[in-house]
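Chain and residue survey
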Amino acid sequence: MTRMPDARAKAEATPITATGTDVAYINGEAHPIIQGETILDFLRRTMGPEPVPTLCDAPNLEPFGSCRVCSVEVAVQQDGPTRVMASCHTPVAKGQFITTHSERMKRLRKNIVELVLTNYPVEKLKTEDHGANELYNVVQQIDFDLDSVRYPKGAHPLDAAGPDARFAKDTSHPYMVSDLESCISCYRCVRACDEVQGEMVLTMAGRGFNSWIAKGTGESFKDSDCVSCGACAQACPTSAITDVFRAKETKPDSVTRTVCTYCGVGCNLEVKVKDGKVAGITAPYDAEANQGHTCLKGRYAFKFYDHPERLRSPLIKRNGVFEEVSWDEAYDFIVDKFIEIGKKHGPDALGGVSSARCPNEENYLMQKFFRVQVGTNNIDACARVCHSPTALGMQKTFGTGAATNSIDDLKDTHTIMVIGANPTDAHPVTGAKIKQQIMKGKTLIVIDPRRTELARYAKYHLQLKPGTNVALLNMMMHYIVKEGWVKKEFIDTRTEGWEDFKQEVLSVDIAAMERETGVDRNLVREAAKAYATSPAAMSFHGLGVTEHYQGTFTVMQIADLAMMTGNIGRRGVGVNPLRGQNNVQGAADMGCQPHQGAGYFAMDDPANISMYESFYGAAMPRVAGKKIPQMYDAMLDGTFKAFWVAGEDMGQTDPNTLHVRKALGELELFVVQELFMTETAKMAHVVLPAASFLEKSGTFTNGERRIQRVNAAVAPIEGTKSDGQITCDIMERYAAKTGRKSGNASTTYHPDWVLQEISGIVPFFKGVKWEELGENGKQWPVAADGTDTKILHTDTFKRGLGKFIFNNWEKSPEVRTNEKDYPYIITTNRELEHYNCGAMTRRTGNGEILTEDVLMINPADAQQNGILDGDMVCVESPRGKVDIKARITDEVKPGILSSTFHFPEIMLNIITSSVSDSLAMCPEYKVVTCRIRKARKTHLRKEGEVVVKV
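Right, let's walk through the structure included here. (Residues numbered from 1 in each chain as written. Predicted model: local features only at pLDDT ≥ 70, side-chain atom pairs only at ≥ 80, totals over all residues. Heavy atoms only, no water.)

1. Considerations on the overall build of the chain
- Counting its regular elements, the chain contains 31 helices and 37 strands.
- Radius of gyration (C-alpha) of the chain: 29 Å, near the 30 Å computed for a compact globule of 950 residues.
- Overall, the C-alpha framework of the chain stretches about 90 × 70 × 65 Å when taken along its three principal axes.
- Counting every position in the chain, which comprises 950 residues, the buried fraction comes to 64%. (Helix = DSSP H or I, 4+ residues; strand = E, 2+ residues; numbered from the N terminus. Rg over C-alpha atoms; globule rule 2.2 N^0.38 Å. Buried < 20%, exposed > 50% of the residue type's maximum accessible area, 1.4 Å probe, protein only.)

Structure, rendered in structure tokens:
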């Protein structure tokens, strides 16, 4: 039984409609029952949200029955003898006669509450904020007099001498706060930590009146293993555990439902605004993407939005110094230079990079500007540097480059395979859901060079050498074919290219691949068997798949694995990329890539060009544009002159930093749209201050193709504008000066009219309307009648038949060229607390939790190089060198290093290479050859300052 509001369960649940014993009775009135409901669910469905008092119950927790406040009388026949039962965990049954508010129940509830109050500060309860305190609400609901407690006060643990007294008020953590004086021992926080996040940090220590909530083995929140998700704070019915924002207790002036700006999970947030400022964030329980849960970034890392370092005025750099200017002056400067450069060098001398942090509508407008008005396909987005191989590989095999299934399908799968992803850090809500399923007994296969958190739960951890994904997956497929574990019927009816593919797979040299991957062939065989013979196997992959020289090939192999085992087109299976940023999927959908326009139509196909020209009423460019790495090369050879970047800090996050910075330095016009003065913004000629996700509206498309409404919670910070409005303004000014009309329905940005235009050109958005998206959005493709799609490729693939494509493993040029002089491989990753360049999270409490980038190094390598934990290490590659602090760990094998690039003090991408995926040109962040030694310096440089003339 589950208490979580579940749209699918509600849709599939059917009330029993027969007469007589197919109903249950509430206070003498008959109501149809639904199989699997508890009595409390039944009461809420028929009587409203609060039919009886509750204290230990929460919507996203399993029924527990510890408080008994929700008890009701139940009889099996009318006027028959009754039993008192806790309604929260007792199943409703046909023929039950349920009495909710008899005198007996009223007395029982008052007695229970009176016992709870013997160990609760009653005077505090009288004065603290009411409404959010559920104990106070229950007191009011049962009409209990707070001054009538008859029992003597219990011996509270905080009254006792001993080490536990220091937990009376714990304010050690940047976010989490506990005051155990208000604890009622309902276990909701413990259960939230266990059942929702799966961290098991909280527990109940002691017995009876001497029981209390302990963190870890008795530490403070700060010193415990708490991951700051806030699930316990949202679950707590009193203020025993809360957060520094008191998000649950705050009485707001308004509450706005929106979508998180960080990863691709697409968590729904309820933003509380008080006095015009964001006061706190909670997670709605009815959100299909996150069901009342979110990570510390979504729940707590919002204070960047009004940080003192937010950009608040357009800036133009003159004589090396930024000067504040008006919006009109900035727009004129940009548009005039665009026109001048276009006339002198042609439209392909201009280009832009849109942002996966921005809504669909803003991305759509930016690509429309470059294609329709400027006349170039030189538009790309950060999907290029993360999931472009996913889109290309899945398009080649399935016909559609998007997740085949929904995260909700985890409930129905039997085997989960996670390849090159660390979702508990990078996609925490999905990671927590995977972990919950594994703890319930499902099989987990992890393919990753690092011993990630999920790898510790895995039945099979294939800890391969970075850069050998193709080799290992070829081994898996070899065993599946050789042992006959394939689904022949699916292959015969749904796919093509099998026979040639099969022969290639059978010819794989297992001994050679075992040697290259460093993974025992028998372990690979067992993992292959577990995946192939499972009734339903679901795969997830991340940047550890895509950011490789053979990234696209690896995605094709994952698709091949799913097809050969029939794991496509039904619940609990499929190929599911974990998108790195909140709207990576949407940015690509909207056409922010140089070879495909909005809707994924190839830009070098005459038929597609004709279709776009008819739709826009303007001539379209006829050759594919430049991808981001090609743009850099063109800057250096002098053919690319003007560059407009929205929300992308390539000066810190793109690989081979010195190469990137040199290229950007060659531009005649460099425009950056940002929230802060990032490393990239410092290099710009013009900086435009943009609005954050809390200050604008639009739609994000998450990793499961869910199009959700982003709603502005507060007005833009003074001096800033939404990216959509900035683009509209530039489009109109460009039209006025050139005569090339924008074709926009309005000069004022609003997602409504932009979505209407998108639905006319993007086939899978055909039925998407702003006012009809509701609170949980819709998963594309959305038909004209508004019907959405949970599972792709149920009967046929988008391309007709799924296509098997074999690729041999090939050593990366980075390793082939440098392995002799640079014997180590460093692979990049992301930490839970930060996000990409960290421009937002470093300006929140997250920066206090994780303060620096570190280098993971195996103990054997550390000993060999005389490095101790905490020492500074010089890491040198053929591109340059950086100094970074060592963290000695067995999470990586000898010869393998790992680090992040969240902090500009390190600039880790100085050492990464320009090698990219052979097809999609996604950079190979995951395989970087290097050598190491103990560093001479013992401190880090400070982030550079920028002079702004006011």
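2. Considerations on the pairing of strand β3 (residues 71-75)
- Across the five residues of β3, five count as buried, placing the element largely inside the fold.
- Where burial is concerned, the two faces of β3 agree: the one with Ser71, Glu73 and Ala75 and the one with Val72 and Val74 are both buried.
- Here β3 pairs with strand β4 (residues 82-86) via five bridges, running antiparallel. Looking at β4, one finds that Val74 is bridged to Arg83.
- Between β3 and β4, which pair antiparallel one after the other, the connecting turn spans six residues, and Asp79 there sits at a positive phi close to 65 degrees. (Pairing = 2+ DSSP bridges.)

3. Focus on the sheet that holds β3
- Within the open sheet, the five strands sit side by side as β2-β1-β5-β3-β4. Their pairing is mixed. Strand pairing shows two members of the sheet lacking a second neighbour, β2 (29-32) and β4, which therefore form its edges. On average, each strand axis in the sheet is inclined to that of its neighbour by 35 degrees, with strand direction left out of account.
- The pairing of strand β1 (residues 23-26) with strand β5 (residues 97-99) spans two bridges and is classified as parallel. Looking across to β5, one finds that Ile26 is bridged to Ile98. (Axes fitted to C-alpha atoms, helices over the stretch in contact; angles between N-to-C directions.)

4. A few points about the nonpolar core
- With 61 residues, the main nonpolar core has Phe338, Tyr364, Phe369, Trp644, Leu688, Ile730 and Phe765 as its most contacted residues.
- Considering each element in turn, this core owes the most residues, eight residues, to helix α9 (residues 327-345).
- If we skip the residues at most four places from it in the chain, Ile730 touches Tyr331, Ile334, Val335, Phe369, Trp644 and Leu688.
- If you look at the next biggest cluster of nonpolar residues, it comprises 55 residues, including Met394, Ile445, Leu472 and Tyr531. (Core = buried A, V, L, I, M, F, W, Y, C linked by side-chain atoms within 4.5 Å. Contact = heavy atoms within 4.5 Å.)

5. Let's talk about unusual backbone geometry
- Pro781 follows Trp780 through a cis peptide bond whose omega is 5 degrees.
- By secondary structure assignment, the location of Pro781 is in the loop between β29 (778-779) and β30 (802-803).
- Phi is positive for Met907, close to 55 degrees, though the residue is something other than glycine.
- Tracing the chain through its elements places Met907 in the loop between β35 (896-899) and β36 (928-934).
- Classification of Met907 as buried rests on a relative accessible area of 6%.

6. Topic: the environment of Pro423
- If you trace the backbone, Pro423 turns up in helix α12 (residues 423-426).
- Given a relative accessible area of 1%, Pro423 falls into the buried group.
- Between the alpha carbons of Pro423 and Asp520 there is a distance of 25 Å; along the sequence they are 97 residues apart.
- Pro423 has contacts with Val418, Pro428, Gly431, Ile434, Leu454 and Leu578, leaving out every residue within four places of it along the chain.

7. Brief notes about the sheet that holds strand β22 (residues 537-541)
- Taken in spatial order, the five strands make up an open sheet running β20-β19-β18-β22-β23, and their pairing is parallel. Unpaired on one side and paired on the other, β20 (460-462) and β23 (574-577) mark the two borders of the sheet. Ignoring which end each strand starts from, the neighbouring axes of this sheet average 15 degrees apart.
- Bridge count between β22 and β23: four bridges; the pairing is parallel. Within β23, the position partnered with Met538 by the bridge is Gly574.
- Sheet strands touched by helix α13 (residues 428-439): β18 (415-419), β19 (443-447) and β22. Its angle to β18, the strand with the most contacts, is close to 140 degrees.

8. Details of the packing of aromatic side chains
- Using the criterion set out here, one finds 30 aromatic pairs in the structure.
- In textbook terms, an aromatic cluster arises when at least three aromatic residues are bridged by ring pairs, as seen for Phe338, Phe369, Phe370, Trp644 and Tyr734.
- Its guanidinium or amino end placed over the ring of Phe797, Arg494 lies 4.7 Å from that ring's centre, counting from NZ or CZ.
- The ring of Trp327 has Lys721 sitting right over it, with the charged end atom 4.8 Å from the ring centre. (Phe/Tyr/Trp six-rings, centres within 6.5 Å; stacked < 30°, edge-to-face > 60°. Lys NZ or Arg CZ within 6 Å of the ring centre and 35° of its normal.)

9. Things to note about the environment of Arg705
- Relative to the elements of secondary structure, Arg705 occurs in the loop between β27 (698-701) and β28 (706-710).
- In sequence terms Arg705 and Met417 are 288 residues apart; their C-alpha atoms lie 20 Å from each other.
- Residues within four places of Arg705 in sequence aside, it is in contact with Ala402, Ala403, Thr404, Asn405, Lys778, Gln779, Trp780, Pro781, Thr789, Lys790, Ile791 and Leu792.
- There is a polar contact of 2.7 Å between the side chain of Arg705 and the backbone oxygen of Ala403.
- A polar side-chain atom of Arg705 sits 2.4 Å from the main-chain carbonyl oxygen of Trp780. (Polar contact = N/O pair within 3.5 Å; in protein donor to acceptor, adjacent residues only side chain to side chain.)

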